[in-house]
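# Working through the structure, step by step
Read off the chains here:
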Amino acid sequence: MQFSSILSSSHPSGYRTLKRIRNTLARSALGLSLLLPTAVLAAEDLNQPLTALKPTLNQAIASVNVVQLLKNNSYEKIDLSENSSDKIYNSYLDSLDRNRSFFLASDIKEFSKYQSNLDDALKGGNLRPAFEIFNRYRERSEERIRYMLKLVDNGIEKLNFKQQETLEIDREKAPWLTDKAEQEDLWRRQLKDSVLAMKLNEKDDAEIKDLLNKRYTNQLRRLHQTRSEDAFQLYLNAYTQLFDPHTQYFSPQRAENFDINMSLSLEGIGAVLQSEDEYTKVISVVPGGPADKAGQLKPGDKIISVAQAKDGKMEDVVGMRLDEVVKLIRGAKGTEVRLEVIPSSTSDGKNRIYSIVRDKVKLEEQSAQKSVIEVGKGSEKKRIGVIEIPAFYIDFKAAQAGDPNYKSTTRDVRKLIAELKKEKIDGLVIDLRNNGGGSLQEANQLTGLFIPKGPTVIVKDSRGRTEAQQDPDPKEVYDGPMAVLINRLSASASEIFAGAMQDYQRALVIGGQSFGKGTVQTIQPLNHGQLKLTVAKFYRVSGQSTQNRGVIPDISFPSLFDPKDIGESSLPNALPYTEIKPVSFNSLKPLSPEVPALQARHKERVADNPDFIYLDKLREYQKQFENRTEVTLNEKARKEEIQRMQDERLAIENYLRKSKGEKPYKTLDELENEQNDRFNQNKKDKDLSDDALLVETSNILSDWIRSKEPMLAKQSDR
């Protein structure tokens, strides 16, 4: 029986629960008005006071439904108690006002009466506390918007950018604002920061005033159009995310969007987005999608405006609801969308505009691809086959229909290996960089191509039961020397494969620490929306979890990804790394004794390698602004700071060019234009020699191959 049916009015226990919820709602003086939809106000109604949002009966039932589902089915067992009530309360405040710019200390004092009893409220379907807090947040938001509009109307030219003033940009742990004066001072500084950023992006006062007027008027309109569903979803997710960051409630509309995204039928740019403060942030770029092909949009970039065509006018999306931003970015195949972004990888204060042609994310464009790279000189030259796997894919519909030519990762890799064998490769690199995962079945079967037989991964469910997935085919398709290349964006199924190769000592694992997602989710429909919940955890055959820690490479490369910002460990309430009893498996000839010698050769080789020195310099450069907690609002000081950062960035790039005998860049614009041209060219005619990490991986693998040759020669002489 589905849990959603338990709470139907035709079921005895459901009737009692429904009656209790109705009584609770009646005592809350919300009555039958709960069933009325929130009105959507027209532009001319923006001067009217906000209408208080109220929960619906369906939402109340759904909240009880979610509590029961998580209690009985979630992998992580959390009983609702005073302790969890405190966590829900703080999580909810954080989701509304993480930067502590809206609520006053007096608001928090008033809300504190709910801090220890939200557990009982959730159990009984009482949503009144959540809506009271949300309605106060809307009031404070309206006050901020109207204050900003007033400042803009008074004239941005009156803002003093000669003052030695700063803005605290990371206020997550700051004290709550004490009064209106302190609050308005913060808002004034936030406006100055916005104006200064636009000035430095070469906008004049008239453009800035027009843009800010539209931005805040649109924010005010959206605030008036806020639905009770927005409050409910935020509140319920403050509860669900106590379990882990992948447990989420989806409102009916969000559930529809989730289903579209999972089917890969969505026409758009192929990027995963989320809201962060007032911005829309890029979380990941889908391999083979339009944004990936364009090569400009990166995880961590913040989208601030969207235009619908090459010559279309940019629409400001700062403060816009995520679903509205997504609607603007989506569009028909073949049409162009332009995004103005604040790049995550630079601190020069300059926004970028990226043009992307919308398309469907096609399965064939996520397919594994092969190439061959030659490393070494003379008699030491080795031919290394490379198979790049962007995702673990399978065409389920074609497979179920009996199509003998259905596409899957394992089937494609099997064919590519056969082709590479004919090309007389000496070793093989499986490149899983940026591979966010996919089908568990494919991770299992791909592992089976490289081991004779045995388990590939252990799955532990919410009841503590474990089951080992087995290699379905005892035949090894490739038994030669092998390396697996990973980075921080290698996740889930990628980690299962890399972990198995490491445990069996079948391949050298090289690169960066992987993402660390080792959990399994399922979707449960509700009477109102749906719940995605974590029901199992992955473990390697050695008993180690991939969760939270990821796969640690045998030989590490420098990484530009900050683990504090990207990876499972950066997410709130991520399930911990744990270990269980290993399963029986036959490890191949140990690789670990050879790793120190390979590591020493690698360090010696990259000590004066311009590409690796460049990566180290770039990482140090990024650290300078990653952990900043405040910015200057003095125009001269900001310009000097930006110029210094631009000069440093250009110097790092020109170091690399000079070390390779290339002409240095004069400006960062020249650098970016050439990089874009080179990226597009490489997409057509990929030059593996430009990929320093892949070249060095091939060198390490070649070292390993050469170390084995004397032993093989002795065996052949016998």
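As the structure is a computational prediction, the values presented were derived from the model and not from experiment.

To continue, consider the overall build of the protein. Across its full length, the protein holds 22 helices and 21 strands. Buried residues in the protein amount to 49% of all 718 residues.

Take the nonpolar core next. I88, F103, I133 and Y239 are the most contacted members of the largest nonpolar core, which has 38 residues in total. Those elements giving two or more residues to this core turn out to be α3 (57-73), α4 (82-97), α5 (105-111), α6 (118-123), α7 (128-154), α10 (228-240) and β19 (530-539). Counting residues per element, this core draws most heavily on α10, at six residues. Aside from chain neighbours lying at most four places away, what touches F103 is L93, L96, D97, I108, F111, I133, R136, Y137, W176 and L177. L416, V477, A493 and A536 belong to the second-largest nonpolar core, a separate cluster that totals 37 residues.

In this structure, the second largest pocket occupies an estimated 370 Å³ of space. Around the second largest pocket, the lining is made up of 15 residues, and of these V375, G376, K377, R605 and N699 lie nearest the centre. Contributing elements (two or more residues each) for the lining of the second largest pocket: β11 (369-375), α18 (595-606) and α22 (692-717). Split by residue class, the lining of the second largest pocket holds three nonpolar, four polar and eight charged.

The next point concerns the sheet that holds strand β13 (residues 427-431). Overall, mixed pairing links the six strands, which are arranged β11-β12-β13-β16-β17-β20 in an open sheet. Every other strand in the sheet has two partners, leaving β11 and β20 (555-556) as the edge strands with one partner each. Note: β13 against strand β16 (residues 482-486), four bridges, orientation parallel. Bridging across to β16, V429 finds its partner in A483.

What follows concerns helix α19 (residues 610-626). An ideal rise of 1.5 Å per residue puts 24 Å on 17 residues; α19 measures up with 24 Å between its terminal C-alpha atoms. Buried within α19 we find D611, F612, Y614, L615, L618, R619, Y621, Q622 and F625. Between a side-chain oxygen at the N-terminus of α19 and the backbone nitrogen of D611 the separation is 2.8 Å; the capping residue is N609.

Our focus in this paragraph is the confidence of the model for the protein. Model confidence for the protein is summarised by a mean pLDDT of 86, while 88% of its residues fall at 70 or above. Within the model, the stretch residues 1-44 combines pLDDT values under 50 with 66 contacts to residues more than four positions away or in other chains. Below a pLDDT of 50 lies the segment residues 712-718, which in the model reaches zero contacts outside its immediate sequence neighbourhood of four places, other chains included.

All chains considered together, the criterion is met by 44 salt bridges. R136 is paired through a salt bridge with E139; the nearest N and O atoms lie 3.9 Å apart. Highlighted residues: R136 and E139, both in helix α7, separated by three residues, approximately one helical turn. Classification of E139 by relative accessible area gives partly exposed; the value is 37%. Linking K407 and D412 is a salt bridge whose minimum nitrogen-to-oxygen distance equals 2.9 Å. A network of salt bridges, in which partner residues are shared, links D107, E110, R136, E139, R140, E143 and K180.

The next point concerns the side chain of E442. Positionally, E442 belongs in helix α16 (residues 440-448). Buried and without a salt bridge, E442 has R411 as its closest oppositely charged side chain, separated by 7.8 Å. Within the structure, the side chain of E442 is placed 3.5 Å from the side chain of S408, a separation counted as a polar contact. Among all residues touching E442, those that are not within four sequence positions of it are F392, Y393, I394, S408, T409 and T410.

Tracing the backbone through its elements, the reader meets T226 in the loop between α9 (205-224) and α10. Here L223 takes part through its backbone oxygen, which lies 2.8 Å from a polar atom of the side chain of T226.

On to the packing of aromatic side chains, then. Summed over the entire model, instances satisfying the criterion amount to twelve aromatic pairs. Between F134 and Y137, the ring centres sit 6.0 Å apart and the planes meet at 50°, which makes this aromatic pair tilted. Highlighted residues: F134 and Y137, both in helix α7, separated by three residues, approximately one helical turn. Taken as a pair, F134 and Y137 share a single burial class, namely buried. Three or more aromatic residues link up through ring pairs in this structure, and these residues are F102, F103, F111, F134, Y137 and W176.

On to the environment of K199, then. Note that K199 resides in helix α8 (residues 180-200). Along the sequence, K199 and E635 sit 436 residues apart, while their C-alpha atoms lie 9.1 Å from each other. For K199, the residues in contact, after removing those within four places along its chain, are F161, D205, I208 and E635. For K199, the side chain forms a polar contact with the side chain of D205, separated by 3.3 Å.

The buried fraction of β13 amounts to five of the five residues, a majority that puts the element mostly inside the structure. The alternating pattern of β13 places G427, V429 and D431 on one face and L428 and I430 on the opposite face, and all of these are buried. As paired elements, strand β12 (residues 382-388) and β13 share five bridges and run parallel to each other. Paired with V386 across the bridge in β13 is V429.

Here we take up the pairing of strand β9 (residues 352-357). Side-chain alternation along β9 places R352, Y354 and I356 on a buried face and I353, S355 and V357 on a face that remains uncovered. As defined by bridge partners, strand β8 (residues 336-342) adjoins β9 across six bridges and the pair is classed as antiparallel. Note that in β9 the partner of E336 across the bridge is V357.

When glycine is set aside, most residues are seen to have a negative phi, and most peptide bonds are trans. In the Ramachandran plot, R100 falls in the positive-phi region, its phi being about 50° despite a non-glycine side chain. As for its placement among the helices and strands, R100 is situated in the loop between α4 and α5. Backbone geometry places K424, a non-glycine residue, at a positive phi of 60°. As for its position among the elements, K424 is in the loop between α15 (409-422) and β13. On the accessibility criterion, K424 (64% relative accessible area) is exposed.

Mapped onto the secondary structure, R321 falls in the loop between β7 (315-316) and α13 (322-329). Considered as a pair, R321 and Q219 are 102 residues apart in the sequence and their alpha carbons are 9.1 Å apart. In this structure, R321 is in contact with R222, R227 and D230, ignoring residues within four places of it in sequence.

Turning to empty space enclosed by the protein, a few remarks are in order. Inspection of the entire model under this criterion finds one cavity of 30 Å³ or more. The volume enclosed by the largest cavity comes to roughly 40 Å³. Around the largest cavity sit T456, V457, I496, G499, A500, D503, Y539, R540, V541 and T546, which together line it. Among the elements of the structure, β14 (455-461) and α17 (493-503) are those that each provide at least two residues to the lining of the largest cavity. Ranked by the residues each element gives to the lining of the largest cavity, the list is headed by α17, at four residues. When its residues are assigned to classes, the lining of the largest cavity shows five nonpolar, three polar and two charged.

The rules we used
Residues numbered from 1 in each chain as written. Predicted model: local features only at pLDDT ≥ 70, side-chain atom pairs only at ≥ 80, totals over all residues. Heavy atoms only, no water. Helix = DSSP H or I, 4+ residues; strand = E, 2+ residues; numbered from the N terminus. Buried < 20%, exposed > 50% of the residue type's maximum accessible area, 1.4 Å probe, protein only. Core = buried A, V, L, I, M, F, W, Y, C linked by side-chain atoms within 4.5 Å. Contact = heavy atoms within 4.5 Å. 1 Å grid on protein atoms, 1.4 Å probe; cavity = no way out; pocket = protein on both sides within 12 Å on 5 of 7 lines; lining within 4 Å. Points joined across faces, edges and corners; volume = space filled by probe spheres on them. Nonpolar A, V, L, I, M, F, W, Y, C, P; charged D, E, K, R; others polar. Pairing = 2+ DSSP bridges. Expected span 1.5 Å × (residues − 1). Polar contact = N/O pair within 3.5 Å; in protein donor to acceptor, adjacent residues only side chain to side chain. pLDDT = per-residue confidence, 0-100. Salt bridge = Lys/Arg side-chain N within 4 Å of Asp/Glu carboxyl O. Lys, Arg positive; Asp, Glu negative; His and termini not counted. Phe/Tyr/Trp six-rings, centres within 6.5 Å; stacked < 30°, edge-to-face > 60°.

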